[in-house]
Amino acid sequence: MENQLAKIFTFIDEHKEDMVQDLRTFADLEGHFEEKDNVLKARTWLQQQLEKEGFACRFREVADDRCGIMIAELGMDRPGKPIIFSGHCDTVHYTGSFGGENPTVIKDGKFFGPGVLDMKGGLIIALYVAKALNFIQYKEHPIKLIVVGEEESDHVGNDGNKILTAESKGALCCFNMETGQMNNSLCTQKKSQFTYYLSVDGVGGHAGNDFLKGRNAINEAVYKIQKIIELTDLSVGTTVTTAVIKGGGHTSGIADHCEVVFDVRVTNENEAKRIMDSMYEITDETFIEGTKSKLTYYRAKLLPLQETKEAIRLLDFVNTVAKDNGFDEFGKVHLGGASDAGNMAAAGIPVLDNCGIIGQYAHNKKEYGIINSLYSRAKIFAGTVLKIKEL
Ligand SMILES: [Zn+2]
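Residues numbered from 1 in each chain as written. Predicted model: local features only at pLDDT ≥ 70, side-chain atom pairs only at ≥ 80, totals over all residues. Heavy atoms only, no water.

*Asks:* Describe the pairing of strand β13 (residues 257-266), listing the residues and the values that go with them.
*Replies:* With seven of ten residues buried, β13 lies mostly within the body of the structure. Inspection of the sheet shows strand β11 (residues 239-247) paired to β13 by eight bridges, in the antiparallel sense. By the bridge assignment, Val-244 is partnered in β13 with Val-261. (Buried < 20%, exposed > 50% of the residue type's maximum accessible area, 1.4 Å probe, protein only. Helix = DSSP H or I, 4+ residues; strand = E, 2+ residues; numbered from the N terminus. Pairing = 2+ DSSP bridges.)

Right under this line is the structure:
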């Protein structure tokens, strides 16, 4: 076994340049989740790499205008339960937003470019885990890659989340290769996200002449905002924040319309309900007679990831593999962001999230990944698969 582990490490060391080149190719295939054809190109490239390694790929469509889910399976006839590596190949950046073709740049050990961190780097790690395991002719557990093409749209308007849960049933565990944290922590708990849209209509007019007749929609919204943000309860991890305000028109007018967007994050369904009931109650309460308010919302179809003792056991095991081989142990973190990890965990399997390339500034053009973490994490996760029967 130790001999096989050494071979895995040597394999990764000998393929460092290939990993970097592959991440460059993959990230240069830009694709915002709305750009179906572009995301498909990136997914097809990854499909080709996986097929070269013997993976059989099949596809689960989610919507006509979105790139669907690729399920890549290797060794499904192996005796053990499948081990899942998951991730998404869409990004939040539109093609060309980094200023032209082939936008990735390497500088000072960092990889800059669209999606290098969120989260093509993580998928490259998964690819090389598979390659390294093939190199030592590993045959104990099936390896399953689940590659999503519209994670950044939160699966709103489709049932991609349900497909992910169904495809995860019966697996041994899942490593979601999302953005690695700068403090080297893996994530065992994530929140579920709601976007609420409050719309207020009032009666407009001249700020001087119509002061008493007017019904100021912005003022009404302000009363409501004050009550809504007080719904935050950090003791249970619930956050409510005002994200966008639009309203008014003329600088000397009474605002007849105001729109407010709130971002809400919760860790469980009780809180989801408490917030929703309260949001509607506050919307229905009128502070300025003559104004009318309306509330709509959408919920990201990214279920909250709940920490389980099985996930902690998996984390402890990954840490044993890391420590025994001279790598830093991972910390543990609970994050406010949402991801597909909760959709996998809904299948009743342990999931660790944020297993991908370490970096910063996801969802921003400053996004970068630290190249060395590609190698260390590929070694640790390939080693984890190799030794998983000790879990
Ligand atoms: Zn993202």
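From this point on, the discussion continues.
*Asks:* Pulling in residues and values, what's your account of unusual backbone geometry?
*Replies:* Put simply, Asp-118 and Met-119 share a cis peptide bond, and its omega is -5°. When you line up the elements, Met-119 lands in helix α4 (residues 116-135). Here Asp-108, not a glycine, exhibits a phi torsion of approximately 50°, which is positive. In this fold, Asp-108 is placed in the loop between β4 (105-107) and β5 (110-112). Residue Tyr-361 is not a glycine yet carries a positive backbone phi of 65°. With respect to the secondary-structure elements, Tyr-361 resides in the loop between β17 (359-360) and β18 (368-370). On the basis of relative accessibility, which here comes to 36%, the residue Tyr-361 falls in the partly exposed class.

*Asks:* I'd like a description of the environment of Thr-291, backed by residues and values.
*Replies:* Relative to the assigned elements, Thr-291 resides in the loop between α7 (269-284) and β14 (292-299). Taking the relative accessible area as the measure of exposure, Thr-291 reaches 7% and is therefore buried. Residues Thr-291 and Arg-24 lie 267 residues apart in sequence; the distance between their C-alpha atoms is 54 Å. Once you skip the residues sitting within four places of it in the chain, Thr-291 turns out to touch Val-200, Asp-201, Gly-202, Arg-215, Asn-216, Glu-220 and Thr-286. A polar contact is formed between the side chain of Thr-291 and the side chain of Glu-220, at a distance of 3.5 Å. One polar contact links the side chain of Thr-291 to the main-chain carbonyl oxygen of Ile-288, over a distance of 2.8 Å. (Contact = heavy atoms within 4.5 Å. Polar contact = N/O pair within 3.5 Å; in protein donor to acceptor, adjacent residues only side chain to side chain.)

*Asks:* Go over the sheet that holds β4 with me, naming the residues and quoting the values.
*Replies:* The sheet built from four strands is open, its strands ordered β4-β5-β18-β17 with antiparallel pairing. The open sheet terminates on both sides in strands that have one partner only, identified here as β4 and β17.

*Asks:* How would you summarise the packing of aromatic side chains if you had to cite specific residues and measurements?
*Replies:* Under the definition given, this model contains twelve aromatic pairs. Geometrically, the ring pair formed by Phe-112 and Tyr-368 is tilted, given 5.5 Å between the ring centres and 45° between the ring planes. Of this pair, Phe-112 sits in strand β5 while Tyr-368 is found in strand β18, placing the two residues 256 residues apart along the sequence. We classify Phe-112 as partly exposed; its relative accessible area is 28%. The buried category is assigned to Tyr-368, whose relative accessible area is 7%. Here Phe-194 and Tyr-196 contribute two aromatic rings whose centre-to-centre distance is 6.0 Å and whose plane-to-plane angle is 15°, an arrangement assigned as stacked. Residue classification places Phe-194 among the buried positions, given a relative accessible area of 3%. In textbook terms, an aromatic cluster arises when at least three aromatic residues are bridged by ring pairs, as seen for Phe-85, Phe-175, Phe-330 and Phe-381. (Phe/Tyr/Trp six-rings, centres within 6.5 Å; stacked < 30°, edge-to-face > 60°.)

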